[in-house]
Amino acid sequence: MPLVRPKKYLGQHFLKDENIALNIAEALSGKYPTTIEIGPGMGMLTKYLLKRPQLNLTCIEIDRESVDYLNKNYPQLKGKIITTDFLEVELSTIVEGDISIIGNFPYNISSQIFFTVFENRAHVKEVVCMLQKEVAERLAAPPGSKTYGILSVLLQAYYSIEFLFKVPPAVFFPPPKVMSGVIRLTRNARERLECDEIMFKKIVKQAFQMRRKTLRNALKSLNLPTSISVLPIFDKRAEQLSVEDFISLTKLIELSK
Ligand code: SAH
């Protein structure tokens, strides 16, 4: 069986390094055995996941050529592959209860994958993934760092995020132009925010869209009463606020409405 011809538009960079594949597969705690692998490709990661028989694996792969390859080379995957676009799947229709997600993500859609994780946070308890190092660092960034942004705040409200290790371009075929990084997200105990969630998202987005400005300026369009906007928290910039600070800020703004 010939190898899959890498398709750029699908973000196909196949991992060649067995040891790295093993390390990624083993970074999954196994506490949530129902596991989805996004983009198995030629099965480099999948084969190490199959060595963990306690995992109940489902693979989602958009590329038919990859799926044909997997079916021929990994008969154990029979019935475990869904040929579709991960971003089009309603997760609750394919898996039940608590789940883990793992994958060497297609880098071009990694942010969208994380918005899907965020929307499914009631069920997605753990994520182990490789993505562009810069994005991996951004998601795991603590407040105060330059790379801390919208997705860092939204995800860190519900997940603790660890940067595990970086991976150089040379271990892929074809090599990507960027360094890669592996991270793990572990769901925390928070069930919901202690403030209005829609308002929270709106404030986080708006604050970071003008990240160099003080919150007083960045949130001007909310027309806050002066009694609120004189408070010292409005002298700060978005990147200085922790998740807890954004929650307090949202509560404060809700009260003023
Ligand atoms: N896991 C493999 C391949 C990683 S490359 C390895 O480590 O070698 C990314 C994979 O994601 C490719 O197989 C690509 O076909 C697949 N992919 C790209 N977009 C996708 C989407 N929207 N839904 C599901 N899979 C996708």
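Here, every reference points to the structure presented above.
Fair warning: this is a prediction, and the values are worked out from it, not measured in the lab.

## Some points on the packing of helix H7 (residues 197–209) against helix H10 (residues 243–256)
Put simply, H7 and H10 touch, their axes get as near as 10 Å, and they point 110 degrees apart. Relative to H10, the element H7 is oriented roughly perpendicular. As for the relative orientation of H7 and H10, their crossing is right-handed in sense. Judged by residue contacts, Met 199, Phe 200, Ile 203, Val 204, Ala 207 and Phe 208 of H7 engage Val 243, Phe 246, Ile 247, Leu 249, Thr 250 and Ile 253 from H10. In terms of residue class, the contact of H7 with H10 is built from 11 nonpolar, 1 polar and no charged.

## A word on the site of the ligand
The immediate surroundings of the ligand are formed by 21 residues, with Gln 12, Gly 39, Glu 61, Asp 85 and Asn 104 found nearest. A distance of 3.4 Å separates an oxygen atom of the ligand from a polar backbone atom of Gly 41. Separating a nitrogen atom of the ligand from a side-chain N or O atom of Asp 85 is a distance of 2.8 Å. Secondary-structure elements contributing two or more residues to the shell around the ligand are strand E1 (14–15) and strand E3 (56–61). Tallied by class, the residues present in the shell around the ligand amount to 10 nonpolar, 7 polar and 4 charged.

## Examining the pattern of salt bridges
Evaluation of the coordinates by the stated rule reveals 15 salt bridges. Lys 125 serves as the salt-bridge partner of Asp 98, at 4.0 Å between the closest nitrogen and oxygen. Of the two residues, Asp 98 is situated in the loop between strand E4 (81–83) and strand E5 (99–104) and Lys 125 in strand E6 (residues 124–132); the sequence distance between them amounts to 27 residues. Residue classification places Asp 98 among the partly exposed residues on the basis of a relative accessible area of 36%. On the accessibility criterion, Lys 125 (18% relative accessible area) is buried. Among the salt bridges present, the one from Arg 121 reaches Glu 197, with a minimum N-O distance of 2.4 Å.

What counts, and where the lines are drawn
Residues numbered from 1 in each chain as written. Predicted model: local features only at pLDDT ≥ 70, side-chain atom pairs only at ≥ 80, totals over all residues. Heavy atoms only, no water. Axes fitted to C-alpha atoms, helices over the stretch in contact; angles between N-to-C directions. Helix = DSSP H or I, 4+ residues; strand = E, 2+ residues; numbered from the N terminus. Parallel < 35°, antiparallel > 145°, perpendicular 65-115°, else oblique. Left-handed = near helix turned anticlockwise from the far one by under 90°. Contact = heavy atoms within 4.5 Å. Nonpolar A, V, L, I, M, F, W, Y, C, P; charged D, E, K, R; others polar. Near = heavy atom within 4 Å. Polar contact = N/O pair within 3.5 Å; in protein donor to acceptor, adjacent residues only side chain to side chain. Salt bridge = Lys/Arg side-chain N within 4 Å of Asp/Glu carboxyl O. Buried < 20%, exposed > 50% of the residue type's maximum accessible area, 1.4 Å probe, protein only.

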